[in-house]
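Summary of structural features
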Amino acid sequence: MDTEQEEFYFQWHIINACNLRCKHCYQTEFTDNELVSFSKLKFIVERIRTALKKWGRKGRIAITGGEPLIHKDFFSLLSYLENLPEIGKISVLTNGTLITKKEVALFKSYKKLHFIQISLDGANSKTHDIIRGKGNYEKALSAVKLLVKDQIPVRIMYTFQKNNVVEIPALIDLAISEGIDDITFERLVPSGRSAKKKNDMISPQKMKEVFQYISDRSIKEKKKGTALTIMKLRTLWALLDKKKYKNKTKPIDFKLILGAICSIGIDSLTILPDGTVLPCRRLPIPIGNLFNDSIFKIWYTSPLLWEIRNKQNLKGKCQNCELIPNCSGCRAIAYAVTGDYLAEDPQCWK
């Protein structure tokens, strides 16, 4: 890793407990035998700070769970991170159901708060609540309205699968009408509670159609001057314009860019409540534990990370793909479907 002043991303799950049981969740455990104490949270923060100092990088930390707002020290942790020079940006990934005016008022005080991400899996209560439980669409949408009203940046995260993919146009309409800043799209990863839902994944050809619509829509909204940013920084997007990404000679506008390499082994790690470190949250293979080893040691000695960093190890369509480094397939989806994290991305339409 170079030592340029770039960001390093940590997705930190501070709690397993959650008030929902979403059908597509990648977790299997929703209880905490022992809530992680604030002192242990600070110990993990110190591990993060030590690595960032060695690398000369700023940290970007996404606090999540489970449902992070359940943790009694949630806001104390935000305050602690707010005052650390090594931490550049903080985001919160939540289902939104526990956000009221009280929480919004507290969020307003954090200058490093980059955005609050709220999951919406449908453009209406019927679709969303089939996935996330009755009444939860209205709670999530209420949180969105409260945050937008107080000018706190809001990002919507949408996980598409067969039973909700038809609502993407309506969801983008909703995001625009509600004044939401960003919308990001995730593919269903059949692991955890959704391990037996491989049949809910959309086909490679349908994936191409969906991505093309979202890309075309993003261009249309940019031309109209719409404030919403439609995020497309994930694997496979670059397939929509192979020529541009194979022969890229100048920077591409952020609102129009398509594709990003899988971040495993590049600039991110996931931390679980007990200190376990994963290559990413959706690839559930432990590579260390922060109560035993430093981030620095884990980063440079994990065989899994070294395997994935070397793109020549990838298999099938992903091997020697001309679109690397703008795409290298999703290692978590490959693992969930085939049991091999080096296998080709099963939804690639190349």
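Data block above holds the structure.
Reference entry: report on the structure contained in this document. This one's a predicted model, so the numbers in the text were calculated from it and none came from an experiment. Note on numbering: residues in each chain are counted from 1, in written sequence order. Only residues with pLDDT of at least 70 get local features here, since the model is predicted, and only at 80 or more are side-chain atom pairs given and counted; chain-wide, interface and lining totals rely on the full set of residues. Note that water and hydrogens are dropped before the side-chain values are worked out from all heavy atoms of the structure.

**A few points about the overall build of the chain**
In terms of helices and strands, the chain carries 11 helices and 10 strands. In summary, the chain has a C-alpha radius of gyration of 19 Å against a globular reference of 20 Å for 350 residues, a match within 12%. Counting only C-alpha atoms, the chain reaches 50 × 45 × 40 Å along its principal axes. For the exposure calls, accessible area comes from a 1.4 Å probe over protein chains only, and a residue counts as buried if that area is under 20% of its type's maximum, exposed if over 50%, partly exposed in between. Per-residue burial for the chain yields a buried fraction of 55% across its 350 residues. Per-residue and other accessible areas follow the Shrake-Rupley method at a 1.4 Å probe size, with only the shown protein chains counted as cover for residues. A total of about 15400 Å² of accessible surface is found on the chain, and carbon and sulfur atoms cover 51% of it. Residues counted as positive are Lys and Arg, residues counted as negative are Asp and Glu, and His and the chain ends are not counted. By convention, the charge on Lys lies at NZ, on Arg at CZ, on Asp at CG and on Glu at CD. Mean positive and mean negative side-chain charge positions of the chain (56 and 37 charges, respectively) differ by 2 Å. By the criteria applied, helices consist of DSSP H or I runs no shorter than four residues and strands consist of E runs no shorter than two, each listed in order from the N terminus. Here the globule rule is a power law, 2.2 Å times the number of residues to the power 0.38, and the radius of gyration is based on C-alpha atoms.

**Things to note about the packing of aromatic side chains**
Here a pair means two rings of Phe, Tyr or Trp (six-membered ring of Trp) with centres within 6.5 Å. Their orientation is stacked below 30 degrees between planes, edge-to-face above 60, and tilted elsewhere. Tallied over the entire structure, the rule returns 17 aromatic pairs. On the numbers, 6.1 Å between centres and 40 degrees between planes, the contact of W55 with F296 is tilted. Of this pair, W55 sits in helix α1 (residues 38-55) while F296 sits in helix α9 (residues 295-301), and the two are 241 residues apart along the sequence. Both rings, one in F211 and one in W237, keep their centres 3.7 Å apart while their planes meet at 5 degrees; by these two values the pair is stacked. Remark: W237 occurs in the loop between β7 (229-231) and α8 (242-246) and F211 occurs in helix α7 (residues 204-224); sequence separation between them is 26 residues.

**Overview of the pattern of salt bridges**
Think of a salt bridge as a Lys or Arg side-chain nitrogen and an Asp or Glu carboxyl oxygen that are within 4 Å of each other. This structure, assessed with the given rule, holds 22 salt bridges. The partner of R282 in a salt bridge is E186, with the nearest N and O atoms 3.7 Å apart. Residue R282 is located in the loop between β9 (276-278) and β10 (288-289), and its partner E186 is located in strand β6 (residues 182-187); the two are separated by 96 residues in the primary sequence. For R282, a relative accessible area of 16% puts it in the buried group.

**Thoughts on the pairing of β6**
Of all 6 residues making up β6, 6 are buried, and the element is well covered by its neighbours. Every second residue of β6 is oriented toward a common face, with D182, T184 and E186 on one face and I183, F185 and R187 on the other, all of them buried. Strand pairing is defined by DSSP finding a minimum of two bridges between the two strands. With 6 bridges connecting them, strand β5 (residues 154-160) and β6 associate as parallel partners. By the bridge assignment, R155 is partnered in β6 with D182. When the strands point away from the viewer and the connection leading from the first strand across the helix to the second strand turns clockwise, the crossover is called right-handed. In this fold, β5 hands off to helix α6 (residues 168-177), which returns the chain to β6; that crossover is right-handed. Where β6 meets β7, 3 bridges bridge the pair, whose relative direction is parallel. When the sheet's bridge partners are listed, T184 is paired in β7 with M231. With respect to chirality, the unit in which β6 leads through α7 into the neighbouring parallel β7 is right-handed.

**Brief notes about the nonpolar core**
As used in this record, nonpolar core signifies buried Ala, Val, Leu, Ile, Met, Phe, Trp, Tyr and Cys residues forming a set joined through side-chain atoms within 4.5 Å. Judged by nonpolar contacts, the single largest core of 101 residues is most densely connected at W12, I48, I63 and F107. Note on contacts: a residue pair qualifies if any of its non-hydrogen atoms lie within 4.5 Å across the two residues. Each residue touching W12, except ones within four places of it in the same chain, is listed here: L41, I44, V45, I48, I61, A62, I63, T64, L77, I271 and L272. Core analysis: the next-biggest nonpolar cluster, separate from the first, contains 5 residues, C18, C22, C25 and F30 among them.

**Description of the environment of K350**
Positionally, K350 belongs in the segment after α11 (331-338). Here the alpha-carbon distance between K350 and Y213, two residues 137 residues apart in the chain, equals 17 Å. Residue contacts for K350: discarding those within four places in its chain leaves L239, K242, K317, C321 and E322. The definition of a polar contact used here is a pair of N or O atoms within 3.5 Å, where within protein one atom must be able to donate a hydrogen and the other to accept one, and adjacent residues in sequence count solely through side-chain atom pairs. Engagement of the side chain of K350 in a polar contact is seen with the side chain of E322, the distance being 3.0 Å.

**Concerning the sheet that holds β10**
Here 10 strands make up an open sheet; going across it, the order is β7-β6-β5-β4-β3-β2-β1-β8-β9-β10 and the pairing mixed. The strands lining the two open edges of the sheet, one partner per strand, are β7 and β10. In the sheet, strand β4 (residues 113-119) pairs with β5 via 4 bridges, with the strands oriented parallel. Opposite I116, over in β5, you have V154 as the bridge partner.

**Observations concerning unusual backbone geometry**
For the peptide bond that leads from G65 to G66, omega is 25 degrees, which places it in the cis range. Here the bond from I324 into P325 is cis, since omega is 15 degrees, no more than 30 degrees from zero. Relative to the elements of secondary structure, P325 occurs in the loop between α10 (303-309) and α11. Here the phi dihedral of L236 falls at roughly 85 degrees; this positive angle occurs in a residue that is not glycine. The topology assignment puts L236 in the loop between β7 and α8. Note on L236: relative accessible area 1%, which makes it buried.

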